[in-house]
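Coordinate inspection notes
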Amino acid sequence: MSPDKLSLNGIEAVIFDLDGSLADSMWIWSAIDVEYLGRFGIKPPPDLQSQIGGRSFSETAVFFKEKFSIPDELEQIKADWNRMAWDKYSYEVKLKEGAHAFIKLCVEKKIKLGIATSNSRELVENFVSVHSLEPHFDCIMTGCDVAKGKPAPDIYLAVADKLGVSSENCLVFEDIIPGIMAGKSAGMRVCAVYDEASIAQDDEKKVAADYYIHDFRELI
């Protein structure tokens, strides 16, 4: 099924995934995985990103500890990742093309805005602050705030509840299949977003989602 042309009619809330959807940031994580695992003399398997896609920050730490027998405690693993990513999110990671203008359009239409991310709260709040987006977002939630990460619908249902909007009136932006599944399972409309890191999933994304965009400039 080809995705429909996106319409904001009937949309009361827009919920963004962060990495690969709102932020052009997926490129940093494969580099961090190589550097981090290299400390333990481990070479990341080629399918690592697909294995961890959608998992919360905490779930990913558990996965790394168990799969690669990392000796550090979970909190140490997450703290190391935060330190490694902090400068990149502060100075290198950009908003996706057209995202800022689209956010402004939503604000003008009085559409509530939320973020539902698998990343850590420290990094998402840093990114939002760097790009001066705090006034626009009514809710920021991470996968660590709910029982199950994507593809479970928990995080999207929790953000919708916090925003006070019914699922059928929410529009989700996602870049990977587990995220698209999470939004659809929550009963929301989902727009797939092109991202170079998930280009191999593009055909599958177009089938799974209601809409597909290359970037947000298409919506302005």
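Everything here concerns the structure above.
Figured I'd write up the structure that's included with this text.

What counts as what
Residues numbered from 1 in each chain as written. Predicted model: local features only at pLDDT ≥ 70, side-chain atom pairs only at ≥ 80, totals over all residues. Heavy atoms only, no water. Phe/Tyr/Trp six-rings, centres within 6.5 Å; stacked < 30°, edge-to-face > 60°. Helix = DSSP H or I, 4+ residues; strand = E, 2+ residues; numbered from the N terminus. Buried < 20%, exposed > 50% of the residue type's maximum accessible area, 1.4 Å probe, protein only. Expected span 1.5 Å × (residues − 1). Arc of directions from axis to C-beta. Contact = heavy atoms within 4.5 Å.

With that settled, consider the packing of aromatic side chains. For the structure shown, the criterion picks out 18 aromatic pairs. Note on Trp29 and Phe57: the rings are 6.3 Å apart at their centroids and 75° apart in plane angle, and the pair reads as edge-to-face. A residue pair is termed long-range when its members are at least 10 positions apart, and Trp29 in helix 1 (residues 26-38) and Phe57 in helix 3 (residues 57-68) qualify at 28 residues. Here Trp29 and Phe57 have matching classes, each one buried. Summarising the aromatic geometry, the rings of Phe57 and Trp81 are spaced 5.6 Å apart at their centres and angled 75° between planes, so their arrangement reads as edge-to-face.

This brings us to helix 3. Relative to the 16 Å expected for 12 residues at 1.5 Å per residue, helix 3 spans 16 Å between its end C-alpha atoms, a close match to the ideal helical length. Every buried residue of helix 3 is listed here: Phe57, Thr60, Ala61, Phe63, Phe64 and Phe68. Looking straight down helix 3, one finds its buried side chains confined to an arc of 160°; they lie on one side. Structurally, helix 3 contributes buried residues whose contacts are with helix 1, helix 2 (48-52) and helix 4 (74-91). Of the residues flanking the end of helix 3, it is Ser69, one or two places downstream, whose phi is positive at about 55°.

Our next topic: the environment of Trp29. For Trp29, a relative accessible area of 12% gives the class buried. With 10 residues separating them in the primary sequence, Trp29 and Asp19 have C-alpha atoms 9.7 Å apart. Here Trp29 is in contact with Asp19, Gln49, Phe57, Trp81, Ala85, Tyr89, Asn119 and Leu123, once residues within four sequence places are set aside.

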